[in-house]
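Per-entry structural report
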Amino acid sequence: MNAVERRRFACPTLGAPMATGDGLLVRLSPLRDGLDGAAGAMLAEAARRYGSGEFELTRRGNLQVRGFDASGALAFAAAAKRLAGQRPGPLPLALEPPGDGLSGGRLAALRDELAARLAAFEAPLAAKCSVLFERRGDWGFAGLAADLRLRLDGDRLSLGIDGDAASACWFSASGAPVSLCDAAMVVLERLAGAGRHARGGALRSDRTLAARLEVLGFRPSLAPASAPAVVPGSLRRGTLVVGCPLGALPSARFEALAALCLHHGLRCWPLPGRLLLLAGEALGGPCTDAIRDELSRLGMVLDQRDPRLRIEACRGRPGCASAGFDTRGLAERLVQQLAALDPDGRVELHLSGCTKGCARSRPATICLVGGEREGALGVVLDGRADGVRQAWLNDDAECVAAALPALLARS
Ligand code: SF4
């Protein structure tokens, strides 16, 4: 392994960590079978021994850990491969928890088939080119943008180019000899031919591609109907969705979650939107309320209206060397105030340690950015961390809290 190599198809992986302000960052590929309590506890121990110990849940539903040196990243990767069913190299994103049970393992099998074909694919693709498998966009996948999305809904196979489920340019086919992976490879070869930085948008009006897909049985179609988005607290068919404030799972919380899973016989999967899916027979039974209470005590979110879901903060100080302030400490200070000032939940707050904006790429109602002027935060209203500063605030938490009502009134 080249420890800090960036692969062609993806962001950081176990085999290709990324250098950050606080050591190497590794990202696990989607967990095909989830994590049970015992594996979770051992993974937490490996993360603490070799890295920072803190897990982060990304917006796209990946687990990642920071703070490794090169040898620590290697040791953690070995543990994760053993404990979390990790395979080498980049994988297309797919999730098939047992609570779904509707695609009979076909999604994950298709994902693995495409991964094997991509491993032998030599043409360069853009570093962040993303491929997503879904059934009906379940578990929040419908809202994730991808260069290529592959949908398997009963006999109907669909392929969406560039966007989330609603905005992608779709082609569909029905019936057996049609191969979704063959069609996916045609799209990816065409994308590679458009240049090493080309993204899915380059193919939206590509007539040559449309003709090639038609030969394979795929014709232009309307966007297929998607499953409703999942929200924290939703309980169905032996599954429970929980939110993770700021996407951070410090080692103590991760270990406590693993112990809870072990005690109740649950498995756990990360979901898009910094959510976790817990699945097991105990959910829906007499222990359900006790499980919910334990999760609340751990600081997990079980209510969609929880104000912590409307604040995003990057790692900040002291974890990231680029950070100008303690983003998470400020987030905790502002939670209750935000809930009181904004009972309708219309405001989203982004606290970014520097202009890179790791926690959020979309605009937020209020974005406070550090790292440019000592002791000060730049204010961006309805924008991103790299947006135009409309004001500057003293970075003291009390000063920010005092300024918040006025910022909300301006937003
Ligand atoms: S946005 Fe935050 S986590 Fe990302 S580099 Fe800047 S300070 Fe570090």
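Keep in mind the model is a prediction, meaning the values are calculated, not measured.

A look at the overall build of the protein
What the protein contains, in helices and strands, is nine helices and 20 strands. In summary, the protein has a C-alpha radius of gyration of 22 Å against a globular reference of 22 Å for 411 residues, a match within 12%. Its C-alpha atoms give the protein principal-axis dimensions of about 65 × 50 × 45 Å. Burial statistics for the protein: of 411 residues in total, 55% are counted as buried. Across the protein, every contact between residues at least 6 apart in sequence was considered, and the portion connecting residues at least 24 apart equals 59%. When the accessible surface of the protein is split by element, carbon and sulfur atoms take 52% of a total near 17,300 Å². Charge centroids of the protein, computed over 51 positive and 44 negative side chains, lie 4 Å from each other.

Overview of the site of the ligand
Contacts to the ligand come from Cys314, Arg315, Cys320, Ser322, Ala323, Ser352, Gly353, Cys354, Lys356, Gly357 and Cys358. For the shell around the ligand, the per-class residue count stands at five nonpolar, four polar and two charged.

Quick notes on the nonpolar core
One finds Leu28, Phe55, Phe76, Leu249 and Leu295 to be the most contacted residues of the largest nonpolar core, which totals 49 residues. The dominant element in this core, judged by the number of residues it contributes, is helix α2 (residues 70–83), at six residues. Counting 35 residues, the second-largest nonpolar core is a separate cluster that includes Cys129, Leu152, Leu159 and Val178.

Focus: the environment of Ser221
The topology assignment puts Ser221 in strand β10 (residues 219–221). In this structure, the C-alpha to C-alpha distance between Ser221 and Leu157, residues 64 residues apart in sequence, is 11 Å. For Ser221, the contacting residues outside a window of four places in its chain are Arg156, Trp170, Phe171 and Ser172.

Regarding the domain arrangement of the protein
Each assigned domain of the protein is listed here: domain 1 (18–90 + 237–304), domain 2 (106–221) and domain 3 (308–410). Taking only C-alpha atoms, the centre of domain 2 and the centre of domain 3 are 37 Å apart.

Some points on the sheet that holds strand β14 (residues 267–271)
Overall, antiparallel pairing links the five strands, which are arranged β3-β14-β15-β12-β11 in an open sheet. Looking at the sheet topology across the chains shown, the edges are occupied by β3 (35–36) and β11 (235–236). Where β3 meets β14, two bridges bridge the pair, whose relative direction is antiparallel. Each residue of the ladder has a partner; that of Leu35, found in β14, is Cys268.

Focus on the packing of helix α1 (residues 37–50) against helix α6 (residues 251–264)
Relative to each other, α1 and α6 sit at 165°, their axes nearing to 7 Å. When the axes of α1 and α6 are compared, the pair comes out roughly antiparallel. The hand of the α1/α6 crossing is left-handed. Counting all contacts with α1, which are made through Gly37, Ala38, Gly40, Ala41, Ala44 and Arg48, the residues of α6 involved are Ser251, Phe254, Glu255, Ala258, Cys261 and Leu262. Among the residues making up the contact of α1 with α6, the classes are represented as seven nonpolar, three polar and two charged.

Regarding the sheet that holds strand β1 (residues 18–20)
Ordered by their spatial adjacency, five strands build an open sheet running β1-β2-β5-β4-β13, and the pairing between neighbours is antiparallel. Looking along the sheet, the strands with just one partner apiece sit at the ends: β1 and β13 (248–249). Bridge count between strand β4 (residues 55–57) and β13: two bridges; the pairing is antiparallel. The residue bridging Glu56 from the neighbouring strand is Ala248, located in β13.

As for the pairing of strand β8 (residues 156–163)
In terms of burial, β8 is a largely internal element, six of the eight residues being buried. Pairing geometry for strand β7 (residues 146–153) and β8, over seven bridges, is antiparallel. Bridging across to β8, Leu148 finds its partner in Ile161. As consecutive antiparallel partners, β7 and β8 are separated by two residues, and within that stretch Gly154 has a phi angle of approximately 65°, a positive value. Linking β8 back to strand β9 (residues 169–174) in an antiparallel pair, the connection comprises five residues.

Here we look at the packing of helix α8 (residues 327–341) against helix α9 (residues 397–410)
The angle between the axes and the distance between the axes are what describe a pair of packed helices. One can describe the packing of α8 onto α9 by two numbers: an axis separation of 10 Å at closest approach and a directional angle of 30°. In terms of orientation, α8 lies roughly parallel with respect to α9. As α8 runs across α9, the sense of the crossing is right-handed. When α8 is examined against α9, the residues Leu330, Arg333, Leu334, Gln337 and Leu341 are found in contact with a partner set consisting of Ala397, Glu398, Val400, Ala401, Leu404, Pro405 and Leu408. The class makeup of the residues in the contact of α8 with α9 is nine nonpolar, one polar and two charged.

Some words on the pattern of salt bridges
This structure, assessed with the given rule, holds 30 salt bridges. The partner of Arg49 in a salt bridge is Glu45, with the nearest N and O atoms 3.1 Å apart. Separated by four residues within a single helix, Arg49 and Glu45 lie in helix α1, roughly one turn from each other. For Glu45, a relative accessible area of 32% gives the class partly exposed. Across the pair Glu255 and Arg48 runs a salt bridge, and its minimum N-O distance is 2.7 Å.

Description of helix α5 (residues 207–215)
The N-capping residue of α5, defined by a side-chain oxygen 3.0 Å from the backbone nitrogen of Thr208, is Asp206. Positive backbone phi, at 100°, marks Gly217, one or two positions downstream of α5.

Reading the values: rules and limits
Throughout this description, residue numbers start from 1 for each chain and increase along the sequence as written. With the structure being a predicted model, the display of local features is reserved for residues of pLDDT at least 70 and the display and counting of side-chain atom pairs for 80 or more, all residues being used for whole-chain, interface and lining totals. Heavy atoms from the whole structure form the basis of all side-chain values; hydrogens and water molecules are not counted. Working definition: helices are DSSP H or I runs of at least four residues, strands are E runs of at least two. Numbering for both runs from the N terminus. What the globule rule says is 2.2 Å times the number of residues to the power 0.38, and the radius of gyration is computed from C-alpha atoms. Three labels apply to residues, based on accessible area from a 1.4 Å probe with only protein chains included: buried if under 20% of the type maximum, exposed if over 50%, partly exposed otherwise in between. We call two residues in contact when some of their heavy atoms are within 4.5 Å. For the accessible areas, the method is Shrake-Rupley and the probe is 1.4 Å, while residue cover comes only from the protein chains on display. In this tally Asp and Glu are treated as negative and Lys and Arg as positive; neither His nor the chain ends contributes. Here the site of a charge means NZ on Lys, CZ on Arg, CG on Asp, or CD on Glu. The nearness test applies per residue and asks whether one of its heavy atoms lies within 4 Å of the molecule or strand. Throughout this entry, Asp, Glu, Lys and Arg are counted as charged residues, while Ala, Val, Leu, Ile, Met, Phe, Trp, Tyr, Cys and Pro are counted as nonpolar. The remaining residues, Gly among them, count as polar. Throughout, nonpolar core names a set of buried Ala, Val, Leu, Ile, Met, Phe, Trp, Tyr and Cys residues whose side chains join them through atoms within 4.5 Å. An automatic or database domain assignment provides the domain bounds reported here. Strand pairing follows a simple DSSP-based rule, namely that at least 2 bridges must link the two strands. With axes taken as lines fitted to C-alpha atoms, and helix axes fitted only over the stretch in contact, angles between N-to-C directions fall between 0 and 180 degrees. What sets the label is the angle itself: under 35 degrees gives roughly parallel, over 145 gives roughly antiparallel, 65 to 115 gives roughly perpendicular, and the rest give oblique. Left-handed is the label given to a crossing in which the near helix is rotated counterclockwise from the far helix by less than a right angle, and right-handed is the label when the rotation is clockwise. Salt bridge, as used here, is a side-chain nitrogen of Lys or Arg placed within 4 Å of a carboxyl oxygen of Asp or Glu. Under the rule applied, a polar contact is a pair of N or O atoms within 3.5 Å (in protein, one hydrogen donor and one hydrogen acceptor; residues adjacent in sequence only if both atoms are side-chain atoms).

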